[in-house]
Amino acid sequence: MVSEAAVWAALAEVQDPELPVGIVDLGLVRSVRVEGAAVAVGLTFTSIACPCTDVLVDDVKSRLSGLDGVTGVEVEELFEPWSRDDLTEEGRVALRALGVT
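Residues numbered from 1 in each chain as written. Predicted model: local features only at pLDDT ≥ 70, side-chain atom pairs only at ≥ 80, totals over all residues. Heavy atoms only, no water.

### As for the nonpolar core
Most often, soluble globular proteins have nonpolar side chains that are buried together.
Here comes step 1: With 27 residues, the main nonpolar core has Val 7, Leu 11, Ile 23, Leu 43, Val 60 and Leu 64 as its most contacted residues.
Here comes step 2: Elements with a contribution of two residues or more to this core: helix 1 (4–12), strand 1 (29–35), strand 2 (38–43), helix 2 (53–65) and strand 3 (72–77).
Here comes step 3: Ignoring sequence-local partners within four residues, the contact set of Leu 64 consists of Val 7, Ala 10, Leu 11, Val 39, Val 41, Val 70 and Val 73. (Core = buried A, V, L, I, M, F, W, Y, C linked by side-chain atoms within 4.5 Å. Buried < 20%, exposed > 50% of the residue type's maximum accessible area, 1.4 Å probe, protein only. Helix = DSSP H or I, 4+ residues; strand = E, 2+ residues; numbered from the N terminus. Contact = heavy atoms within 4.5 Å.)

Laid out in C-alpha cells, this is it:
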C-alpha cells in the first residue's frame, strides 16, 4: 500500500506543461485519497479554458501509476476557481523567477 505522503511527493514532481513549476506548488492539487492500492486525486486548473487539461491529467496518472503498490489512479477534474492565493511559497518564488508576478 502506498502512503498519502508518497503520493503528494510524487505529485510535487509533476510540472505544469506551460510553466516549469510543479502542480502542487501551483496549488492545482486539491485532494489526495488513498484506498488500498487505488489513488484518487482532485485536480483543478489555472483557468477553465486551460488548453493543457488532458496533458496534466495524463502526467498525473503516469507519475502515480509508477509508484510501487499503486494499481489504479483516478483524477477528478474539479474546475474550482484558482487564484494566486493557492500558490505555495515555493510556487511564488518560482513564478517570480520566471517574471510572472
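### Topic: unusual backbone geometry
What is expected of a backbone is that most residues other than glycine have negative phi and most peptide bonds are trans.
Here comes step 1: One non-glycine residue, Phe 79, lies in positive phi territory at about 50°.
Here comes step 2: Residue class for Phe 79 comes out partly exposed when judged on its relative accessible area of 39%.

### Observations concerning the packing of aromatic side chains
Here comes step 1: Counted by the stated rule, this structure contains 1 aromatic pair.
Here comes step 2: Centroid distance Phe 45 to Phe 79: 5.3 Å. Interplanar angle 45°. Geometry classified as tilted. Linking Phe 45 in the loop between strand 2 and helix 2 with Phe 79 in the loop between strand 3 and helix 3 (89–97), this pair joins segments that are 34 residues apart in sequence.
Here comes step 3: Residue classification places Phe 45 among the buried residues on the basis of a relative accessible area of 2%. (Phe/Tyr/Trp six-rings, centres within 6.5 Å; stacked < 30°, edge-to-face > 60°.)

### Points about the pairing of strand 1
Here comes step 1: Direction of pairing for strand 1 relative to strand 2: antiparallel, over a ladder of 6 bridges. For Arg 33, the partnering residue across the bridge sits in strand 2 and is Ala 40.
Here comes step 2: If you look at the hairpin formed by strand 1 and strand 2, you'll find 2 residues sitting between the two strands, and Gly 36 has a positive phi there, around 65°. (Pairing = 2+ DSSP bridges.)

### Considerations on the environment of Ala 40
Here comes step 1: Structurally, the position occupied by Ala 40 is in strand 2.
Here comes step 2: Sequence spacing of Ala 40 and Glu 76 is 36 residues, and the spatial spacing of their C-alpha atoms is 7.3 Å.
Here comes step 3: Discounting residues that sit within four places of it in the chain, Ala 40 has contacts with Ser 31, Val 32, Arg 33 and Glu 74.

### Structural notes on the pattern of salt bridges
Here comes step 1: Going through the model one piece at a time under the given rule, you end up with 5 salt bridges.
Here comes step 2: Measuring nitrogen to oxygen at the nearest pair gives 3.2 Å for the salt bridge that ties Asp 86 to Arg 30. Of this pair, Asp 86 sits in the loop between strand 3 and helix 3 while Arg 30 sits in strand 1, and the two are 56 residues apart along the sequence.
Here comes step 3: Given the relative accessible area of 25%, Asp 86 is considered partly exposed.
Here comes step 4: Between Glu 89 and Arg 92 there is a salt bridge; the shortest N-O distance is 3.9 Å. (Salt bridge = Lys/Arg side-chain N within 4 Å of Asp/Glu carboxyl O.)

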